[in-house]
Amino acid sequence: MTTAVLICDDSSMARKQMARTLADGWDVALSFASNGVEALAAIKEGKGDVLFLDLNMPVMDGYETLQAINREDLPTMVIVVSGDIQPDAQQRASKLGALAFIRKPVVKEEVFEILSQYGIVSEAGAVAIAAPEASGSVGIMDCYQEVANVAMGQAADLLARLLGVFVVLPVPNVNLLEPSELQMALAQTTEEASVSAVSQGFIGGGIAGEALLLFHDSNFEQIARLMHYEGEVDDAMERELVMDVASILIGACVKGLAAQLDVSFSQGHPVILGQHVNMAHLVDGKACSWSKTLAIEISYTLEDVDISFDLLLLIAEDSLPTVDGKLAFMLE
């Protein structure tokens, strides 16, 4: 009997990776969706007996999709596949009816184990690869975004566990920018006129990059309370807070990138570029020395708390051939 399998993810690379994990010999009719709206329509057309669902997507995210499936009582078995590995993300998905949660990057043995557990498949085989055109064309920028998505989720998980909060994650914004475009992108990163910023370089395996964390000035009082700092939030405490948050987010993101690229990065000492500085001044003083750059922008927001951070990962142009080589297997 043919099983209608639907893979819903905004990343064409993630859709392809997920399709590769389906056991050979499993009789499936495979369909794809890039957001929850498309997924709901496909399920109603009978294309989603089993739904592999991402959480962080534009238009309609995974949580909203699960809510709609419950509300409309749609006939599908949902397995969440996400880079957002926060404990609360997994619990929320479960409460909304997801059978299981698979963390990215996907491992075929784990997929088979879950499918077997619920009686969806009975025997494993080789990896089945969907035709590239079926899941959407895949390019190197798709690879960059999916790698960033996984690294972003690992950093959010660490921050969530430390602060006891839920971190709302965006779809990473990934672009290859000329110097003038990078300056413009930095200037538009935050609407706040004044920010504090930390920069930290990383290098290894022929890849060089820099991470830039922007800490909004309105964050300090609340983040100090969440991190159980005592005393007046003066300049010294603000510096300590900025460095602590930078250590968590930058460290985890860079580690996540290194693991996926199969390299080991050495990280430089973090440097505070400025406290309560004008964003335009920061851009003029920093970005002018950068050449063409791969820029990954991630905006972390803490739920129910007026706190957000902007993290930019910048990888130098001459490192991109090495990065592309490391990611070539994803395009095969």
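Residues numbered from 1 in each chain as written. Predicted model: local features only at pLDDT ≥ 70, side-chain atom pairs only at ≥ 80, totals over all residues. Heavy atoms only, no water.

Once that is clear, we can look at the sheet that holds strand E6 (residues 100-103). The strand order across the open sheet built from five strands is E3-E1-E4-E5-E6, with neighbouring strands paired in parallel fashion. Because the sheet does not close on itself, it has two edges, and the strands there are strand E3 (28-33) and E6. When the angles between neighbouring strand axes are averaged without regard to direction, this sheet yields 20 degrees. Relative to strand E5 (residues 77-82), strand E4 (residues 50-53) is paired through four bridges, and the arrangement is parallel. Residue pairing across strands places Phe-52 opposite Ile-79, the latter belonging to E5. (Pairing = 2+ DSSP bridges. Helix = DSSP H or I, 4+ residues; strand = E, 2+ residues; numbered from the N terminus. Axes fitted to C-alpha atoms, helices over the stretch in contact; angles between N-to-C directions.)

Moving on, we get to the packing of aromatic side chains. One pass over the structure, following the stated rule, counts four aromatic pairs. Between Phe-215 and Phe-309, the ring centres sit 5.3 Å apart and the planes meet at 55 degrees, which makes this aromatic pair tilted. With Phe-215 in strand E11 (residues 207-216) and Phe-309 in strand E15 (residues 307-316), this pair connects stretches of sequence that are 94 residues apart. Taking relative accessible area as the criterion, Phe-215 reaches 0% and is therefore assigned buried. Accessibility expressed as a relative area gives 0% for Phe-309, which makes it buried. Members of the aromatic cluster, joined through ring pairs, are Phe-215, Phe-220 and Phe-309. (Phe/Tyr/Trp six-rings, centres within 6.5 Å; stacked < 30°, edge-to-face > 60°. Buried < 20%, exposed > 50% of the residue type's maximum accessible area, 1.4 Å probe, protein only.)

Attention now moves to the nonpolar core. Ranked by size, the top nonpolar core spans 59 residues in total, and within it Val-167, Ile-223, Phe-265, Tyr-300 and Phe-309 carry the most contacts. Per-element tally for this core: the top contributor is helix H10 (residues 235-261), with 14 residues. Dropping the residues within four chain positions of it, Tyr-300 is found in contact with Met-152, Ala-155, Ala-156, Val-167, Val-168, Leu-169, Leu-249, Cys-253, Ile-307, Ser-308, Phe-309 and Leu-311. Core analysis: the second largest hydrophobic core is formed by 26 residues, Cys-8, Leu-51, Ile-69 and Phe-166 among them. (Core = buried A, V, L, I, M, F, W, Y, C linked by side-chain atoms within 4.5 Å. Contact = heavy atoms within 4.5 Å.)

Here we come to the side chain of Asp-9. Looking at the element boundaries, Asp-9 is found in the loop between strand E1 (3-8) and helix H1 (12-20). Excluding residues that lie within four positions of it along the chain, Asp-9 makes contacts with Ala-14, Arg-15, Ala-33, Ser-34, Asp-54, Met-57 and Lys-104.

Backbone torsion omega between Lys-104 and Pro-105 reads -5 degrees, so that peptide bond is classified as cis. When you line up the elements, Pro-105 lands in the loop between E6 and helix H5 (108-117). The phi dihedral of His-228 falls on the positive side, at around 60 degrees, and the residue is not glycine. Relative to the helices and strands, His-228 resides in the loop between helix H9 (220-226) and H10. A residue is classified by how much of its surface remains accessible, and His-228, at 67% relative accessible area, is exposed.

We now examine the pairing of E11. By the criterion of burial, E11 is predominantly enclosed, with nine of the ten residues buried. Bridge count for strand E10 (residues 194-204) against E11 is ten bridges, and the pairing is antiparallel. The residue bridging Ser-199 from the neighbouring strand is Leu-212, located in E11. Taken together, E10 and the strand that follows it, E11, pair antiparallel across an intervening segment of two residues, in which Gly-205 is found at a positive phi of about 60 degrees. By the bridge criterion, seven bridges tie E11 to E15 in an arrangement that is antiparallel.

Now for helix H2 (residues 36-44). The complete set of buried residues in H2 reads Gly-36, Ala-39, Leu-40, Ala-42 and Ile-43. Taken end-on, H2 shows its buried residues confined to a sector of 165 degrees, consistent with a single buried face. Among the residues of H2, the N-terminal cap falls to Asn-35, whose side-chain oxygen and the backbone nitrogen of Val-37 are separated by 3.0 Å. Among the residues trailing H2, Gly-46 stands out with phi positive, at a value near 85 degrees. (Arc of directions from axis to C-beta. Polar contact = N/O pair within 3.5 Å; in protein donor to acceptor, adjacent residues only side chain to side chain.)

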